[in-house]
Structures are given as structure tokens and as C-alpha cells.
Amino acid sequence: MAEPGVETRTKSSVITARAAASFDPVGRSVASARAFVRDTLQGWGYAEVVDDAVVLTSELVTNAVIHAGTAADVLCLRTPDGVRVEVGDRYPEREIPVQGGGRTVAHPDRENGRGLLLCAALATRWGVEYSAASKQVWFQLDLPQRPVGTRSAGPVLPIDLLPVSDERVRVAVVQIDRNGAISSWNDDARHLFGYVADQVVGKPLGDLAAWPHTPGIGTGIAEALQLSRWEGSYGIRDTDGRVIAVYASHLRVRDTNGEASTVCLLVRDYERAVIQPPARVSPSDGTGTETRNADPFEVFIGSPAPDDLDGLLQRTVERARDMLDADSAFLLLATDDETELEVRATTGLPSARQRFARVPVEAGTGRYGSARMPAVHEDLSAVPGAVPLLDGTGMRSVVTVPLKVEGRLTGSLGVATEAGGRYSNEEALRLQFAADRIALAVESARLGELERLRRGSLSFLVEASDLLAGTLDRDQTLALMAQMTVPTLATWCAVYTIADQSSEPYLSYVLHEDEDRIDGLKALLAKIPPPVPEPTPGARVWNAPADAAHQAALRTSMRELGMGAASLSSPSSSQGVGTSLATASTVGGETVVLPLVARNRVIGMLTLGKPSDDHFRQEILELAEDLSRRAALALDNARLYSERTAISQSLQRSLLPPSRPEVPGLEVEVIYRAAGEGNEVGGDFYDLFPIRDGVYGFAIGDVCGTGPEAAAVTGLARHALRLLAREGFGGPAVLERLNAAILDEGARSRFLTLLYGELRPQEDGSALLKVVCAGHPLPLRLCQDGTVEPAAEPQPLLGVMEDLELYEQDITLAPGDVLLCVTDGVTERREGTRMLGDDGLMDVLTTCTGLTAGAVAARILRAVERFAAEPASDDMAILAMRVPEPQRS
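Everything numeric in this text was worked out from a predicted model, so none of it was measured.

Colleague: Kindly report on the overall build of the protein, identifying the contributing residues and their values.
Modeller: Across its full length, the protein carries 21 helices and 34 strands. In the protein, which comprises 889 residues, the share counted as buried stands at 47%. Taking contacts inside the protein between residues at least 6 apart in sequence as the whole, the part at least 24 apart equals 62%. Of the accessible surface of the protein, which amounts to about 43500 Å², a share of 51% is contributed by carbon and sulfur atoms.

Okay, here's the thing in C-alpha cells:
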């Protein structure tokens, strides 16, 4: 026995259409089910019940997939009276909360159990049906009475079925001026609506009309009055305020002075047969059965609907062509600013030539120049250029209608034939009705595609930014720019660079997705003038490559043909023709130029090209523009880095000793490492130079800090040492004068530790050294017996005090002895809390007995590098001097 308020059957009615879908037991299925029901009912033209049906479906599917945890099956059935929706789940044992029977009804604030309450409140009828494996809840929504002004279509009625008129048929004739105001009002109009002419002349017709305008998709009265021809239903308010349903035919005319106006013929809506033209007889399928009475949405989309935008658009134009028995059809999508339409799908037209081509939405001030309203062109030969897309195609009769969503133009759909006068307002209404139903589906698919493109674009730009930021080499940056655009954005790419404002653009890099065509493309671009560098952002079309390629191919072909049949059989001749034609095909499509602007200066141009008869999509051009901005900055950074590196290296090389002199009777080895990438000179320095015959000066020092500031003091110290020593000053005097020079630098001065000495090789094979150790790590002497000891005493460093009392110390190196001088970058090498230190350095030096000066320096460096895993953060200098042992005979 059924529960009260629950029906188990619906009244018998004819099912005219059905749509079914299944949804998995996951949360997102609820939204998918809502979209399925909404799209189905809108496609059937049942917009009046869409909202209620979506709400009920949402609740019932939620009960199935969320609370019952099973898949949900949704079935939509169309009847002449309305629509029935059935939602089934796989959980028949689950209790159904219903009214009556002493059971508690689900509270409205509960998350579940509200579906049947809503069915009882919103549905015309509803019920629950059970089977062994499933449970099914259904609801019926009847269509409300159609409001005044709703268009309807049907066959021509027989005479005995025509409505009976109690009096003569009255036809109101109303004339509207170019401003939409009433200029003429006949007696039948007075009889039908109650107004005399003086009451309405000069007033806008819109003040009297009850226009059945659906916001976002319909044509308003002001727009309808601008159409050359228009027929349809709406209402006129009489003197009592009642709305009288009328059927109207509008026709625009002009008087002998060229003034345009609109003549309106109006009859009561039930007498529309007086002015409505008879319906055209649609072609049959050969059996006498009508084939053109299907729902417009189904005619356009079919089942199953394509799940991608291109497939949906292509199916749309094919069905539009078939529906109106046309030779061709086309669909264009509007840009975001609604200023241009982009060709996205065609049939019966050269699609390869037209795809992604653009036409303006408003091509002129006249009616034929706008894509925002429907248009019927009986013969395009009478209105040249009315539909730019069809120029040169032989099409004559065409009907176009806009696609609108929420009042915004989203596209244009058109069909055309080669015969003139094929289409009238009736076909425009049919096509507009179908376009209104398909517009939302197309826009949803377009937004989905745009979202995927934007996500892909963001990923592309992130990857491009990482790659461009990973190099400061100019040539590598150029190569990356080209490789990122081909083939992702274009078929081929060329990069022009501009050295300075007075230089001409230079062809720096060329890339094609087919490597065999790169040489031909490069040769072609080298022969034509480069594009003009303009800082204006955005892509601009450049026709020079295509024109030059076509001319070259034509000349080559004509030259080869003129050589005669014998020459044409030559392999080289055939290859020349093929190469020219291949190059022409390579650049035969659209070519665009994007400026490379960095720091308010055009530093180059990025040129992108497509093969023959191909166009760029706007989304691709916008992505290329974003890439060009990043590439321009990366290219300019590479240029600045190269320039500054060259300057830095030149200046740093000037601070290094020009050469190391050969010291008789002494082995000398120097190892120098400057901290920091790209630095050749830091705060540590060394020098070895001749002072006079038999006397050599040497120095190793450490300026406080690293980098360019420390290197500047390094240069001052090294040049001052050489100059003062060659003037005959002794060690203490040299360092005291250097100390004064450093202090004279003021705020730029830095303190300096310095080991300076004079070296005199002796005739007995030893070497005599006079050294001053001003705050520097003490030099270490390695004797032949393996002992290591400091070879000097510490004294005050330079650059801190004005008055210094420095003194020299004498060191004698016997044959086999080694003097090791280092900077604190060696002794202060750290690994965590451990430090190499003076003791660690002495331990390493102890193992160097019998080694040459070069081997000693290398072993010290290796020990320092192995002490810690991290790269050194301080400059290092190692100076090893060894007195060789005499050769034994």
C-alpha cells in the first residue's frame, strides 16, 4: 500500500524524447547531474521548469551518491505536458522518509531526507518505485501556460480548423520613424487598441509594446525595428492597460527622399494566418515521413554530444547546414572584448584558409555591418562585403544569427547557399531558436577550453621563466627563445637583435620544426629587409617573408620551365624547384612580429610564422606576447652580464702580477683562489718581482673583506710595494709608507695584513731573506730534517694606526729548506666547529719533506679542500719557496 502523498504511477502520456546518464558515487557527481538535467531541459526548450528540476535532481542524487553511497541513474522523459525525471540508486533497503503513517518527517535543516519534502512542495506529481536491486524516485513537472508573445510553429491549418472571427478581420497599420516613434496610426489600430492617432503619434512603440524579451538571448523591440524584415508575436497594451496578443510583420522601407521608416502590420495573435506566410514544405526522406521536426538542440548536437569544443563546433555547423538544406555553414566565436569574431568551424568552405581568421563584429554603421543581430541576406551580390567570410566563395543567400549568453555576444552562426533568395525570416527564427539553445553549451565548452589553455599557458610560462633565468649566456638565451616557441607556439621562429639605437636589426637565430628547412628559411630571411623595430606592444602581421617566398618560387619555377624538358630532367633542377616551393610553403601562412622590449628599449624582435594558409589563435598570440617580455628581459640581462663580466675580468687582470720572474737558485710556486663566482681577484694577493740585480721582492697579503672593494685595496698595495721597493726603501719603510697611503683613503680604507720580504740568492746555494710580518699569518720553514717552525715574529697590521714601528727579520734558507707563506683563508678553513688552524697546517707541511715547491703548494691546497665538503668562502693564496739541493755527480 502506497504511503499518503506518494504516487506510484503517472497518468498516461506520450514520451517524445528521453535522455539518460549514470553518475558514480562521488561528490562531484551531484554537480554533473545538475548540469545534465539543466542542459537537457534547456535543449528541449523547457526553460520554465529548469530551476525546479535542477533543485529536485540535486537533492535526490545527493541522497543516492552521498548518503546511500551508490551510483545514481538519472532519466529525463519529455512529454507534451512537461517533463518527468527519474533518479534511481542501488540501495532498495534504505528507508524513505515520508509523511503520514506516524513517521517523523525529516527536518528541513537536516542534510539528508529533504528530497521528498521538496518533491511534495515543487513537483506536480511524484512517487517511489522499488525493485529487487534498486529504488527509484520520480517527479513530474508540468509546463505552465505559455505567456503572451511566445512563438509557436505548426503546419498550415485546413480551412475548417481556422479560428472563427465574429467581425471582419482588422489589420492595424502602424508606421515607425527612424527614431522608433509612431508616425502613422490607422483606424483599425484605433479599433483594436483604443487609442486615437493623436494619443500615440510621436511616442515610441516600445511604450505600448509588451515585448516577450528573454534577457541575454532574445531580440528586443528596438533591434527588431532595425531589421529589414521581422515577424513574430508580442503584446500591445490597450487604453485599459490590458495586453492584447498580436502577430506582427515588420518591413523597413524608404521614401523618395531616402528617409527610412518601418511599416508594421498587426493582427490579433489567433488571426496570424492573415499575415504569416505559409510554412515551407521540408524535404522528406523519400517515404513521406517528415524528417525536420526534431528538437533544435537534438538536431544540432545529436547523441552522444562531443566532449571537446572543436568537435562540438564542427557538429554544430554540420547540423545547421543540414537543418536548412544549405551548401555551407560557419560558426565564429567572439573575443572577450566582443570586438572581433574568430572563425572556429566551417563546412562547405575552405576551412584551412579561414580557420582562426578574424572579422570585426561591427563592420560598418548599417544593419549589414553588425553580428549582434540576426540577418537574412537574400542575395550577397546586391550587398558586397556584407559577410566578409563569404567573399569569393560563390555563396549568395545567407542567414546569420548571434549566439548570446546573459546578454553578451559569444559568437555567430550562419548558413549559406549558392542560390539567391533561398532564406526568409522563418529560417532565421528556426536558426535563432536553435542558436539560443546551443549558445550556453558552446560557451561552457569554450570556457573549459580557455581554462585548459590558461593552465597550460601558466605552466609553459613558469617553465620558460625557469629556463631563461637559468642562463646568462646570450647565445644560449637566443636558442632557448626559439626552442620554446617551436613547435609549441609556431611552426618557425626567427630572432632579430639590435646592438644599440643606431644599429640595424640583425638576424641572430632561425629555427623550424623541420630541420631540413632551416637553411632555406634562413637564406630567405637574410635577403629581405628586417621588420621595423617598433616598441608598440602586441603582435603585428609581417607580410614580407610570404611575399618574398612566393615571388622567389614563381621566378624559380618559370626559370626551370624555360630551360626545356631536358633541363627539367636534371636532378639539380628538380631539387631547386622543390626547395623554393618548400620554402614558400614554410612561410606562406601568417607571420607576426613581437618586439623584445627591455628597460624601455627595443633590443630585438621575435618573429613567429605558420605554414601556408594558417593563422594564429588569439590565445597563442597573447601567450607569445607574455613570453616575449620574459625573453627580452633575459636577453638583456645576458647582454649586461656579458658586458660587465668582460669589464670586471679586464680590471681584475690588471690587478694580478703580469708575470712571475725566474729567480736563480730558487723554486717558487704560487696558488691563488678568489672566492665568489666570476672573481679573479679578491682581498688576498701575492707578488714576486725584481728590485735590482740579485734582489727580488715578494709579498703575500690579505685585505679585510672580499669582492671589488677589497680588490681595489689589493691593487693599491701591490703597485705601492713595487714602486717603493724600487726606490730603494727597505722593508719597514715600504710598509710604513703603504700604511699612510691606506689611511689616506679615508672611509674607503681597509686594514691589511701583509708579509713582505726581500730575497737574495747566495753563492753557496742558500738564500737570504729579510721579512716584515705585519699582522699576517707567520711564514713556516720546513727544514730538511722534517721539522717545521715559524720563521718570523708578528708585528702590527696596516691601515689601523698612523705611527708604526716595524723591523726586519733575517731568514736563511739552506738547500732543501722550504718557506711556506699563506693567507688566513688556508688556516681558517672550517668544517662545522673544527678549524684547520696553524697546527693543522704545520702537520700537513711536515709530510712535505723532499717535495718540490710545486708539490708542496699542491699538497697544502689538497689538504685544505679535503678538510671541508663545502666550497671555500674566503680567498686563498699559497706561496711556496724552496732552495733546491745541489745536484750530486
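Colleague: Before we move on, could you go through the pairing of strand S5 (residues 135-142) and cite the residues and values that matter?
Modeller: Most of S5 is tucked away: six of the eight residues are buried. As defined by bridge partners, strand S3 (residues 82-89) adjoins S5 across eight bridges and the pair is classed as antiparallel. Across the sheet, residue Gly88 finds its bridge partner in S5, namely Gln136. The pairing of strand S4 (residues 125-130) with S5 spans six bridges and is classified as antiparallel. Counted as the bridge partner of Arg125 is Gln140 from S5. In this structure, the hairpin formed by S4 and S5 is closed by a connection of four residues.

Colleague: Could you give an account of the packing of helix H20 (residues 837-846) against helix H21 (residues 853-867), naming the residues involved and the relevant values?
Modeller: Relative placement of two packed helices is described by the angle separating their axes and the distance separating the axes. The contact between H20 and H21 brings their axes to 10 Å, and the two run at 135 degrees. If you check the angle between H20 and H21, you find them oblique. Regarding H20 and H21, the two cross each other, and that crossing is right-handed. Facing Leu841, Val844 and Leu845 of H20, the residues of H21 in contact are Val856, Arg859, Ile860 and Ala863.

Colleague: Mind laying out a nonpolar patch on the surface, listing which residues take part and the relevant values?
Modeller: Together, Phe751, Val800 and Met801 make up an exposed nonpolar region whose accessible area comes to about 270 Å². Checked against the element boundaries, Val800 lands in the loop between strand S29 (788-790) and strand S30 (809-813).

Colleague: Break down the packing of helix H8 (residues 309-323) against helix H10 (residues 425-469) for me, with residues and values.
Modeller: Across the interface, H8 lies against H10 with an axial gap of 10 Å and an inter-helix angle of 170 degrees. Considered as vectors, H8 and H10 are oriented roughly antiparallel to each other. Each of Leu309, Asp310, Leu312, Leu313, Thr316, Ala320 and Met323 in H8 lies in contact with H10, whose residues at this interface are Arg430, Leu431, Ala434, Ile438, Ala441, Val442, Ala445, Arg446 and Glu449.

Colleague: So what's going on with the pairing of strand S21 (residues 591-598)? Which residues, and what values?
Modeller: Buried residues dominate S21, accounting for seven of its eight residues. Pairing analysis gives eight bridges linking S21 to strand S22 (residues 601-609), with the strands arranged antiparallel. Of the residues in S22, the one forming a bridge with Val592 is Leu608. Hairpin remark: S21 followed by S22, antiparallel, with two residues in the connecting loop; positive phi at Arg599, about 55 degrees.

Colleague: Mind laying out H21, listing which residues take part and the relevant values?
Modeller: In this model H21 runs 21 Å from its N-terminal to its C-terminal C-alpha over 15 residues, within 8% of the 21 Å that 1.5 Å per residue would give. Among all positions in H21, only Ala853, Val856, Ala857, Ile860, Leu861, Val864 and Phe867 are buried. Down the axis of H21, the sector holding all buried residues measures 130 degrees, keeping them to one side.

Colleague: Go over the packing of aromatic side chains with me, naming the residues and quoting the values.
Modeller: Taken as a whole and assessed by the stated rule, the structure comprises six aromatic pairs. For the pair Trp185 and Phe193, a centre-to-centre distance of 6.0 Å together with 55 degrees between the ring planes defines the contact as tilted. The exposure classification of Trp185 matches that of Phe193, with both residues buried. Here the aromatic residues Trp185, Phe193 and Tyr195 are joined through ring pairs into a cluster of three or more. The residue whose ring lies beneath Arg84 is Trp138, and the NZ or CZ to ring-centre distance is 4.3 Å. The residue whose ring lies beneath Arg834 is Phe867, and the NZ or CZ to ring-centre distance is 4.4 Å.

Colleague: Outline the nonpolar core, listing residues and values.
Modeller: One finds Met481, Leu525, Leu596 and Leu608 to be the most contacted residues of the largest nonpolar core, which totals 47 residues. Membership of the second largest hydrophobic core comes to 35 residues, among which are Phe23, Leu41, Val85 and Phe139.

Definitions and limits used
- Counting restarts for each chain, with residues numbered from 1 along the sequence as it is written.
- Restriction of local features to residues with pLDDT of at least 70 applies here, the model being predicted, together with a cutoff of 80 or more for giving and counting side-chain atom pairs; totals for whole chains, interfaces and linings are based on all residues.
- Side-chain metrics rest on all non-hydrogen atoms present in the structure, leaving aside hydrogens and water.
- Here a helix means four or more residues in a row that DSSP labels H or I, a strand means two or more in a row labelled E, and each is numbered from the N terminus.
- Relative accessibility thresholds used throughout: buried, under 20% of the residue-type maximum; exposed, over 50%; partly exposed, between the two (1.4 Å probe, protein chains only).
- The criterion used for residue contact is that any of the two residues' heavy atoms lie within 4.5 Å.
- Under the convention used here, a 1.4 Å probe and the Shrake-Rupley method define accessible areas, while residue burial counts only the protein chains that appear.
- At least two bridges found by DSSP between two strands are what make those strands a pair.
- Between N-to-C directions, angles span 0 to 180 degrees; the directions come from axes that are lines fitted to C-alpha atoms, helices contributing only their stretch in contact.
- We call two directions roughly parallel when the angle between them is under 35 degrees, roughly antiparallel when it is over 145, roughly perpendicular when it lies between 65 and 115, and oblique otherwise.
- Here a crossing is called left-handed whenever its near helix is offset anticlockwise from the far helix by less than a right angle, and right-handed whenever the offset is clockwise.
- Only residues whose relative accessible area exceeds 30% and that form no salt bridge are eligible for patches; like-charged ones are grouped when within 9 Å, while nonpolar side chains (Val, Leu, Ile, Met, Phe, Trp, Tyr) are grouped when within 5 Å.
- The working definition used for a salt bridge is a side-chain nitrogen of Lys or Arg within 4 Å of a carboxyl oxygen of Asp or Glu.
- What a helix is expected to span follows from its residue count: subtract one and scale by 1.5 Å.
- Note: the arc covers the axis-to-C-beta directions of the helix.
- For this analysis, a ring pair means two rings from Phe, Tyr or Trp (six-membered ring only for Trp) whose centres lie within 6.5 Å, classed as stacked if their planes differ by under 30 degrees, edge-to-face if by over 60, and tilted for the remaining angles.
- By the criterion adopted, a ring carries a charge over it if an Arg CZ or a Lys NZ lies within 6 Å of its centre and within 35 degrees of its normal.
- What makes a nonpolar core is a set of buried Ala, Val, Leu, Ile, Met, Phe, Trp, Tyr and Cys residues whose side-chain atoms join them at distances within 4.5 Å.

Purely spatial values, then, with no claim about function.
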